[in-house]
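# What the coordinates show
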Amino acid sequence: MSEPVIQSLSGRRIWDSRGRPTIEAEILLSDGAVGRGVAPAGASRGSREAVDKRDGGARLGGYDVKNALASLRAEIAPALIGLDPFDQAGVDARLIALDGTENKSRLGGNALTAVSLAVLQAAAASRGLPLWRHLSGEGEALVPLPEIQIFGGGAHAGRRVDIQDFMIVAPRAKSFAEALEITAEVYLAAGRIMAERGLLQGVADEGGFWPSFSSNEEALEALIRAIEKAGFTPGEDVAISLDVAASEFGRDGRYKLSLESRELDRDGWADYLTGWLDRYPIVSIEDPFAEDDGEGFKRFTQAVGARAQVIGDDYLVTNAARVDAAAAEKSVNAVLVKVNQAGTVSEARAACEAGRRAGFGTIVSARSGETEDVAIVHLAIGWGAGQLKVGSFARSERMAKWNEALRIEEALGSKGRFAGLDAMPFAAKRA
Ligand code: PGA
Ligand code: ZN
C-alpha cells in the first residue's frame, strides 16, 4: 500500500471556554485517517506571539473567525493537499511560507495552529497510535509534574489582584495520580477558607478561585492556610509556583501594582519578589519581569536561579532563537511551551528542545481560553517535557486534560516514569 497523503483539509468554527469563537481544523488522509486540531486563545499575550486572525467589528466582540476560516479553505487547504502527513516539519514550513509574515498575522496564528495540530493528529491516527506514543516512540515515557492553579488573578480575573496564577506543585507525590489527589485536597480547602471568610465569589478564567483579597500577599497567605488545612506541610508536601505575568503591569523597568497602589522600579520589584521567595516555599516563578525587561530577568535569575525555577513565557514566546539567547545570557532557567504562541507544532517543539539543550526546565502549557481538546497533554508526554500547566482544578476544559494524563499514566504502567520535582532542576536543589 502506498504511503498516505493529505487528501483534504476543512475548518469549522467552534467555541472556547470563554464562549468565544475558535478554529477547529480537520485533516483527512488518503488512508482514511482523520486528525483534528483546535486553536486555544490567550488573554495575557506576549507582543511577539503569533497573532490570531479575528474578524473585528461589533459582532461577537470582534472575536469571530470567519475570515480566518475562509482563508483556511481558499489558501491553506489547496497548499497542503498531497503532502506527506508524517513530514510535520515540511508541512509546517509550507504553512509558514504561505503565510509569509513574521507574526503569522496574514493567515492567522489560530488557523495555522489548528491545522498544524490536525496534521500531527492525523499522522498518529494513521499509525493507529495515541498521539503521545506516536511522539515518544516505544519504551519509557516521562509523565509530567503538574502545576495547578488554586487562585486565579491578573487578566484572568479582571485584574482583581496583580499576580496572575497562584499555583501548587506536589514535590513528594510519587505519581501524577497522587499529585492530583493532593491538589484536590488543597483546592477543596481553599474553597472552604474563602467561604468561611465570606470571600467565595466563584472562579476566574482558568477555574481558580476568584481572588477577593486586599493584597497580593494575602493570596499567598491564604494559599499557605489552604495547604495546612488540607493536612499538608507547606514546602515539604506542597510547594508554591507563581505566574506573575508581569508584562501586564510592567513597562520600561517600572512595575505598577494597582491592588496595592504602588509603583516600583526594577530593583524595588526584584526585592519585593525576592522577599516572597525568602518567606514562602516558592519553587517556580514565571514571567517575574515584563517581556521588555531582559535586564530584570537577567539580574533576577542570577540572584535566585539557583534556588527557584525562573520561567520565560511572554518573554520567550515559545521561540527557539529567543530560548537560545536567554540561555546564553542566563536570563531564565526554564521555558514555557505553547503551540499557538509559535503558531506551528514544529516551532513549539524546537523551542522545547532548545530549552532541553540549555538544561532548562520545560513546561507545556495551555492558554486561558481552552476547549475540551487534550492534545497538549500528549505533547507534554510525547516530548518528555517534564512539566504540565493547564490552569486550575475545576471546569472541564481543564479537568479533561488532567484526566487524560491519568489515563496515559495508567496505560504506561511500569513504562511510565513520573517526573516529580526532578523536572525542576533548580527548585529541586532547594526542596
Ligand atoms: P494566557 O495566560 O493564556 O491568558 O495568555 C497563560 C499564561 O500566562 O501562562
Ligand atoms: Zn504565563
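Bear in mind the structure is a predicted one, so any value in this text is a computation, not a measurement.

With that settled, the discussion passes to the nonpolar core. Counting 105 residues, the largest nonpolar core has Phe151 and Trp269 as its most contacted members. Considering every element that reaches this core, the biggest residue donor is helix 5 (residues 176-196), with ten residues. Taken together, domain 1 (6-128) and domain 2 (141-430) each give at least three residues to this core, which thus spans both. If near-sequence neighbours (up to four positions away) are discounted, Phe151 is found in contact with Gln164, Asp165, Phe166, Ala190, Met194, Gly208, Phe209, Phe213, Ala219, Ala222 and Leu223. If you look at the next biggest cluster of nonpolar residues, it comprises 25 residues, including Ala33, Ala111, Ala114 and Val115.

Attention shifts here to the sheet that holds strand 2 (residues 21-29). Ordered in space as 1-2-3, the three strands form an open sheet in which the pairing is antiparallel. Because the sheet does not close on itself, it has two edges, and the strands there are strand 1 (6-15) and strand 3 (34-38). Sheet twist, expressed as the average angle between the axes of neighbouring strands with direction ignored, equals 20°. Sheet topology note: the strand 2/strand 3 ladder contains five bridges and is antiparallel. Residue pairing for strand 3: Leu28 is matched across the bridge by Val34. Against the sheet, helix 1 (residues 66-80) engages strand 1 and strand 2, with an angle of about 170° to strand 1.

Attention shifts here to the site of ligand 1. The immediate surroundings of ligand 1 are formed by 13 residues, with Ala43, His156, Arg367, Ser368 and Lys389 found nearest. Between ligand 1 and Glu286, the relevant distance is 3.2 Å, taken from an oxygen atom to a side-chain nitrogen or oxygen of the residue. Within the side chain of Arg367, a nitrogen or oxygen atom sits 2.7 Å from an oxygen atom of ligand 1. A breakdown of the residues in the shell around ligand 1 according to their chemical character gives two nonpolar, five polar and six charged. Counting the residues that make up the shell around ligand 1, at least three belong to each of domain 1 (6-128) and domain 2 (141-430).

What counts, and where the lines are drawn
- Residues numbered from 1 in each chain as written.
- Chains lettered and ligands numbered in written order.
- Predicted model: local features only at pLDDT ≥ 70, side-chain atom pairs only at ≥ 80, totals over all residues.
- Heavy atoms only, no water.
- Core = buried A, V, L, I, M, F, W, Y, C linked by side-chain atoms within 4.5 Å.
- Buried < 20%, exposed > 50% of the residue type's maximum accessible area, 1.4 Å probe, protein only.
- Helix = DSSP H or I, 4+ residues; strand = E, 2+ residues; numbered from the N terminus.
- Domains from an automatic or database assignment.
- Contact = heavy atoms within 4.5 Å.
- Pairing = 2+ DSSP bridges.
- Axes fitted to C-alpha atoms, helices over the stretch in contact; angles between N-to-C directions.
- Near = heavy atom within 4 Å.
- Polar contact = N/O pair within 3.5 Å; in protein donor to acceptor, adjacent residues only side chain to side chain.
- Nonpolar A, V, L, I, M, F, W, Y, C, P; charged D, E, K, R; others polar.

Purely spatial values, then, with no claim about function.
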